[in-house]
Each structure stands twice: as structure tokens, then as C-alpha cells.
Amino acid sequence: MNEPRRTGGRPEVSREGPQRQLTERSPAALWGRLVGAVFELDGVVEGHSQVSPPSSRAVFLTDLLVERAPETSLAPGRRLEPVHLHGVTDTSIHLCLPAERGAELTDRGWGEPHQYEDFGTEFMIYGPRDERELEFILVLVRESIGFARGL
């Protein structure tokens, strides 16, 4: 893919405890729109994350409960969780993507490797700051779901 670089600097991210975005968070209304759009995707249901703080929302798939490969889930060995959205006081997203795709996004400023990665496929994507970023992050969520499904 050939998407643009994310403008501006990277937000500050915690280096201890759960990985979370500390600055440049999404405005609450924009974050709410992203959360709503994610859970309106076909074949997606909302649940409690198996590996993230209680304020996080897991993206589960209605047609695939078990991972096809451990690197496609944030909770390997449990119910398939390709994506989770953190709460409104964080607004980052954790998701799984092929390692080379995640590295490309990291290079373009959209995110960074997950603090506790096991497979090199787990990434933190920064919360959207505007409409353009919201639309692109929805593309990334769809990519992660496709990766989980083997598409």
C-alpha cells in the first residue's frame, strides 16, 4: 500500500504497564465514531478483551472463534482477538497485521510495535485526530480482520 505518512510527531506512549497512548488522543466524539464504525463491520461482535484493561473493547469475529495461527491474535490460545480498542482516556488500538505491513505503518508514523509483542505481528496504532485518520484506521482494522481470516 502507498498511504501517506501520518502528519506531526508521534504521541507519547507509556513504557510501563499496559501500553497506552498518553498524548494526542482522539477527541471523544471522533473516538466514539470509530468505535461505532468498527462494531458495525460485518461479522464483528464486541466483547471484553482477554488481555487488555477492562475499559478496552475486543473485536471478535462471528465466523471464526479460534485463531488459524497464533500470530493473528492478541490473545493466542484463547478466543480469536485480532483487534482491541482502548478506552476514551487512551484512544489507541492494538491489532495484528503481517510483520512487514506493520513495519511499513510504523515507518510512516501510524503506530509502533506492541510493547509485549510475541510474534512481531502485534502493533499499537495511534488514535485518529481527524476524519482522514479515522477513515484510514478503519482500513487498518479491516486489514487486521482479513489477516485473522487468512485473506
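Because the structure is predicted, anything quoted here is derived from the model rather than measured.

A.B. asks: What is the right way to look at the pattern of salt bridges in this model?
C.D. replies: Note that side chains of opposite charge can pair when their charged atoms are close. Summed over the entire model, instances satisfying the criterion amount to nine salt bridges. Where Glu112 meets Arg15, a salt bridge forms, and the shortest distance between an N and an O atom there is 2.9 Å. Highlighted residues: Glu112 in strand S5 (residues 111-113) and Arg15 in the segment before helix H1 (28-38), separated in sequence by 97 residues. For Glu112, a relative accessible area of 10% gives the class buried. A relative accessible area of 57% means that Arg15 is categorised as exposed. One salt bridge connects Arg101 with Glu143, and the closest N-O pair in it is separated by 2.8 Å. Residue Arg101 is found in helix H2 (residues 99-107), and its partner Glu143 is found in helix H3 (residues 131-149); the two are separated by 42 residues along the sequence. Comparing Arg101 with Glu143, the two get one shared label, buried.

Cut-offs applied
Residues numbered from 1 in each chain as written. Predicted model: local features only at pLDDT ≥ 70, side-chain atom pairs only at ≥ 80, totals over all residues. Heavy atoms only, no water. Salt bridge = Lys/Arg side-chain N within 4 Å of Asp/Glu carboxyl O. Helix = DSSP H or I, 4+ residues; strand = E, 2+ residues; numbered from the N terminus. Buried < 20%, exposed > 50% of the residue type's maximum accessible area, 1.4 Å probe, protein only.

Everything listed is a geometric property; what it means functionally is a separate question.
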